[in-house]
Amino acid sequence: MMATTTRLAAALTSLAALLCSVMTSCHADGYGYYPSPTPTPTPTPTPSGAGLAVGFYSYSCPNAEAIVRGVVTKAVQQNPGVGAGLIRMLFHDCFVQGCDGSVLLDPTTANPQPEKLSPANFPSLRGFEVIDDAKSALEAACPGTVSCADVVAFAGRDASAVLSGGRANFAMPAGRRDGRVSLSSETLQFLPPPSFNLSQLAASFADKGLGVDDLVVLSGAHTVGRSHCSSFVRDGRLNASTSDMNPALAASLRQQCPANAATDNTVVQDVVTPDALDNQYYKNVMARNVLFTSDAALLQSSKTAASVALNAIVPGLWEQKFKVAMVKMASIGVKTGTNGEIRTNCRVVN
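Position numbers for residues start from 1 in each chain and track the written sequence from start to end. The predicted origin of the model limits local features to residues at a pLDDT of at least 70 and limits the giving and counting of side-chain atom pairs to 80 or more, whereas totals for whole chains, interfaces and linings rest on all residues. With hydrogens and water excluded, all non-hydrogen atoms of the structure serve as input to the side-chain values.

- In the nomenclature of an unreviewed UniProt entry, the protein chain corresponds to Peroxidase from the organism Sorghum bicolor.
- Taken directly from UniProt, the Function (unreviewed entry) text for the protein chain runs: "Removal of H(2)O(2), oxidation of toxic reductants, biosynthesis and degradation of lignin, suberization, auxin catabolism, response to environmental stresses such as wounding, pathogen attack and oxidative stress. These functions might be dependent on each isozyme/isoform in each plant tissue."
- Its UniProt record, at the heading Subcellular location (unreviewed entry), says of the protein chain: "Secreted". UniProt positions are given in the numbering used here, feature names are shortened, and annotations may be inferred rather than shown by experiment.

Have a look at this one:
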């Protein structure tokens, strides 16, 4: 506890020198401005690295992004938890086999254990039906044109826009192809579990070309959604004598996650604004009101603690960083051109 407090104090001291310039840039760049939930149409595809392009379907399927956005918006407005699931789905897809829709594949006789049946995804990962609905609408409008991998990327973007009230709305490059390999065993190899410490998390993200700041920023998605009690109880997070969790939160969670319970209950990840994609997560980290070891780990170094403090204090800063980090993550290991396919049904290979 003392070490964490010392690191946070050091981070806050260094933060003072940066805050003025950051605040100035926030006003200059319009942080805090709520953009329209509908991105400005792109007249021609704009290259955006990794072989992807913004406006990729401008000619082949002009309404592609609007179709996905309509399906996702309706689903998330009805159930915000689905939006959290769609954001998480993009992360889980991209960290395993790259952003290629492999997380969507159902089990078959030839492959009885795909990614979606891994303990990291089943039964907690949700939103598959939303992807199905969006893909069905796309097939009706533009058969064989839009990949399932791009649907997952668009859905993650659109869920972010809805849950943030438009503050985290951004252009998502497209042009991904769908993969044909999906192995449950690879999720355990590549997806960082909630028990990881900071060095383990940093190494996992570095393997995917993401930096420590990306780690801090993308962790902010834990401001929405729910978690199974088993995801944090096993780490001793609720132990009154050793936990680094706020005692009041720990006491509340012990009531919601009783020992030896017959069912694995779920709890909200952000007790303050559970259905809003906002910077409350970072305030929760600083107040030790977070569920996972991996959340608390962000205070283990002065650098990450300073990033946490900035995201908590500066209005609109995290949303701007989140947009960039999501696009960067959505370019991990993408398959383009003749590498991969465009599935007709996102649950099975062609």
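Okay, back to it.
**Re the state of the cysteines**
Argument step 1. Our working definition of a disulfide is a cysteine sulfur pair at a distance within 2.5 Å. Enumeration over the complete set of coordinates arrives at four disulfides.
Argument step 2. With a sulfur-sulfur separation of 2.0 Å, C94 is cross-linked through a disulfide to C99. Across the S-S bond linking C94 and C99, the dihedral sits near 120 degrees, which makes this disulfide right-handed. Comparing C94 with C99, the two get one shared label, buried.
Argument step 3. In this model C148 forms its disulfide with C346; the gap between the sulfur atoms is 2.1 Å. Taking the sign of the S-S torsion, about -95 degrees here, the bridge from C148 to C346 comes out left-handed. Remark: C346 occurs in the segment after helix 14 (317-329) and C148 occurs in helix 5 (residues 148-163); sequence separation between them is 198 residues.
Argument step 4. Accessibility here uses a 1.4 Å probe with only protein chains present; expressed as a share of the type maximum, an area under 20% marks a residue as buried, one over 50% as exposed, and anything in between as partly exposed. Of the residues examined, C346 reaches a relative accessible area of 2% and is grouped as buried. Going along the chain from the N terminus, every DSSP run of H or I of four or more residues is numbered as a helix, and every run of E of two or more is numbered as a strand.

**Some words on the pattern of salt bridges**
Argument step 1. Salt bridges are defined by distance alone: a side-chain nitrogen of Lys or Arg within 4 Å of a carboxyl oxygen of Asp or Glu. Here the structure, examined in full by the defined rule, presents 14 salt bridges.
Argument step 2. With a closest N to O distance of 2.7 Å, R180 and E341 form a salt bridge. A residue pair is termed long-range when its members are at least 10 positions apart, and R180 in the loop between helix 5 and helix 6 (184-190) and E341 in the segment after helix 14 qualify at 161 residues.
Argument step 3. The class of E341 is buried, set by a relative accessible area of 11%.
Argument step 4. Taking the shortest distance from any N to any O, the salt bridge between D214 and K328 comes out at 2.8 Å. With D214 in helix 8 (residues 212-219) and K328 in helix 14, this pair connects stretches of sequence that are 114 residues apart.
Argument step 5. For D214, a relative accessible area of 11% gives the class buried.
Argument step 6. What makes K328 partly exposed here is its relative accessible area of 36%.

**Considering the packing of helix 3 (residues 80-94) against helix 5**
Argument step 1. Axes here mean lines fitted to C-alpha atoms, for a helix over just the part in contact, with angles spanning 0 to 180 degrees between N-to-C directions. Helix 5 packs onto helix 3 with a crossing angle of 140 degrees between their chain directions and a minimal axis gap of 8 Å. For the element pair helix 3 / helix 5, the angle class is oblique. Classified by chirality, the crossing of helix 5 by helix 3 is left-handed. The residues of helix 5 that touch helix 3, namely those facing P80, G83, A84, L86, I87, M89, L90 and D93, are V152, A153, A155, G156, A159, S160 and L163.
Argument step 2. Taken together, the residues that form the contact of helix 3 with helix 5 break down as eleven nonpolar, three polar and one charged. Angles are sorted into four bins: roughly parallel if under 35 degrees, roughly antiparallel if over 145, roughly perpendicular if 65 to 115, and oblique for all others. Helix crossings get a hand from a simple test, with the near helix turned counterclockwise from the far one by less than a right angle marking a left-handed crossing and a clockwise turn marking a right-handed one. In this description, contact between two residues means that some pair of their heavy atoms is separated by no more than 4.5 Å. All residues other than Ala, Val, Leu, Ile, Met, Phe, Trp, Tyr, Cys, Pro, Asp, Glu, Lys and Arg, Gly among them, are scored as polar; the first ten of these are nonpolar and the last four charged.

**Description of the packing of helix 2 (residues 64-78) against helix 5**
Argument step 1. Between helix 2 and helix 5, the shortest axis-to-axis distance is 9 Å and the interhelical angle comes to 50 degrees. Judged on the interaxial angle alone, helix 5 and helix 2 are oblique. Judged by the sense of rotation from one axis to the other, the crossing of helix 2 with helix 5 is right-handed. For the pair helix 2 and helix 5, contact is made by E65, V68, R69, V72, T73, V76 and Q77 and by V151, F154, A155, R157, D158, A159, V162 and L163, respectively.
Argument step 2. Of the residues contributing to the contact of helix 2 with helix 5, the split by class is nine nonpolar, two polar and four charged.

**Regarding the UniProt feature "active site" (unreviewed entry) in the protein chain**
Argument step 1. Per the UniProt record, "active site" (unreviewed entry) is annotated on H92.
Argument step 2. Here H92 shows up in helix 3.
Argument step 3. Using a relative accessible area of 8% as the deciding quantity, one classes H92 as buried.
Argument step 4. Residue contacts for H92: discarding those within four places in its chain leaves E115, A120, N121 and L191.

**A closer look at helix 3**
Argument step 1. Helix length check: helix 3 (15 residues) gives 22 Å between terminal C-alpha atoms against 21 Å at 1.5 Å per residue, within 8%.
Argument step 2. For helix 3, a buried count of 13 out of 15 residues is recorded, marking the element as mostly surrounded by other parts of the structure. By this rule the span expected of a helix is its residue count minus one, scaled by 1.5 Å.

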